[in-house]
Amino acid sequence: MAAAFSIRQAAYTDAADAAAIVQVLDAYASDPAGGAEPLSDFAKTHLVAELAARPHAFSILAFDGAQAVGLVNCIEGFSTFRCKPLVNVHDVAVMASQRGRGIAEAMLREAERIARERGAVKMTLEVLSGNAPAMRLYQRIGYAGYQLDPAMGTAQFMQKWLD
């Protein structure tokens with residue numbers, strides 16, 4: 001039987017939590033699912049302070065004992081149609097050696113609990129179409145493609161770099 005893990009909201013002002021956020025996110029960024037490129041030195045140095053500077057950001061950490069094994073970063077947005085907050089799940093990261101233990105699901109459930117406390121009407125996330133395990137998890141726990149009118153199709157996530 002696999003060892004138990006714990007989850008909790010990260011405290012951006014706690015040095016150990018800050019180090020855990022950077023460590024897990026860097027491992028995820030270095031993984032093919034995260035783009036296969038480690039975080040820049042700039043991101044490693046400034047990430048947690050920049051998250052802390054945003055009152056609408058929150059993070060969930062997972063630990064196996066004292067070892068950080070998972071991270072979910074969330075940013076609150078706003079649904080204009082519902083005139084209420086929404087929470088975008090920006091990163092879901094579980095250390096490769098820890099996958100398959102239910103860590104991502106537990107972190108997402110905690111993120112959902114916090115989103116409900118904040119009065120959010122929905123949660124959003126993006127997932128690469130080739131990440132079948134993540135897609136199965138998200139669908140199993142209630143996420144679905146976004147659409148308003150089925151005749152118009154589902155929304156597509158797009159980006160435009162500004163630098």
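Refer to the structure printed above.
Quick caveat, the model's predicted, so the values are computed rather than measured.

Rules and cut-offs
- Residues numbered from 1 in each chain as written.
- Predicted model: local features only at pLDDT ≥ 70, side-chain atom pairs only at ≥ 80, totals over all residues.
- Heavy atoms only, no water.
- Core = buried A, V, L, I, M, F, W, Y, C linked by side-chain atoms within 4.5 Å.
- Buried < 20%, exposed > 50% of the residue type's maximum accessible area, 1.4 Å probe, protein only.
- Helix = DSSP H or I, 4+ residues; strand = E, 2+ residues; numbered from the N terminus.
- Contact = heavy atoms within 4.5 Å.
- Patch = residues over 30% accessible without salt bridge, like charges linked within 9 Å, V, L, I, M, F, W, Y side chains within 5 Å.
- Areas by Shrake-Rupley, 256 points an atom, 1.4 Å probe, with all protein chains shown as cover.
- Salt bridge = Lys/Arg side-chain N within 4 Å of Asp/Glu carboxyl O.
- Pairing = 2+ DSSP bridges.
- Axes fitted to C-alpha atoms, helices over the stretch in contact; angles between N-to-C directions.
- Parallel < 35°, antiparallel > 145°, perpendicular 65-115°, else oblique.
- Left-handed = near helix turned anticlockwise from the far one by under 90°.
- Nonpolar A, V, L, I, M, F, W, Y, C, P; charged D, E, K, R; others polar.

Q: Requested: an account of the nonpolar core, with residues and values cited.
A: Among the nonpolar cores identified, the biggest contains 44 residues, and I21, V72, V89 and L108 are the most heavily contacted of them. Of all the secondary structure elements, the ones that give two or more residues to this core are helix 1 (15-30), helix 2 (41-52), strand 2 (57-64), strand 3 (67-79), strand 4 (84-94), helix 3 (103-117) and helix 4 (132-140). Beyond its immediate sequence surroundings of up to four residues, V72 is in contact with F58, S59, I60, V89, D91, V92, M107, L108 and A111.

Q: Could you give an account of a nonpolar patch on the surface, naming the residues involved and the relevant values?
A: Together, F81, Y146 and L148 line one region of the surface with nonpolar side chains, adding up to about 400 Å² of accessible area. Within the secondary structure, Y146 sits in the segment after helix 4.

Q: Hey, could you go over the side chain of D17 for me, with residue numbers and the actual values?
A: By the secondary structure assignment, D17 is in helix 1. Excluding its chain neighbours within four sequence positions, the residues that come into contact with D17 are R8, Q9, A10, A11, L61 and F63.

Q: Talk me through the sheet that holds strand 4; I want residue IDs and the actual numbers.
A: Reading across from one edge, 1-2-3-4-5 is the order of the 5 strands in this open sheet, with mixed pairing throughout. Two strands bound the open sheet, and with one partner strand each, they are strand 1 (6-9) and strand 5 (122-125). The mean inter-strand angle of the sheet, taken between neighbouring strand axes irrespective of direction, is 25°. Bridge count for strand 1 against strand 2 is 4 bridges, and the pairing is antiparallel. Bridging across to strand 2, I7 finds its partner in A62.

Q: Before we move on, could you go through the environment of G100 and cite the residues and values that matter?
A: Note that G100 resides in the loop between strand 4 and helix 3. Look at G100 and you get exposed, because its relative accessible area is 85%. In sequence terms G100 and P133 are 33 residues apart; their C-alpha atoms lie 9.3 Å from each other.

Q: Would you mind going over the packing of helix 3 against helix 4 in detail, with residue names and values included?
A: Between helix 3 and helix 4, the shortest axis-to-axis distance is 11 Å and the interhelical angle comes to 40°. Taken together, helix 3 and helix 4 sit at an angle that is classed as oblique. Taken as a pair, helix 3 and helix 4 cross one another with a handedness that is right-handed. Residues A104, E105 and L108 of helix 3 touch helix 4, and the partners they reach there are L137, Y138 and R140. Grouping the amino acids of the contact of helix 3 with helix 4 by side-chain chemistry returns 4 nonpolar, no polar and 2 charged.

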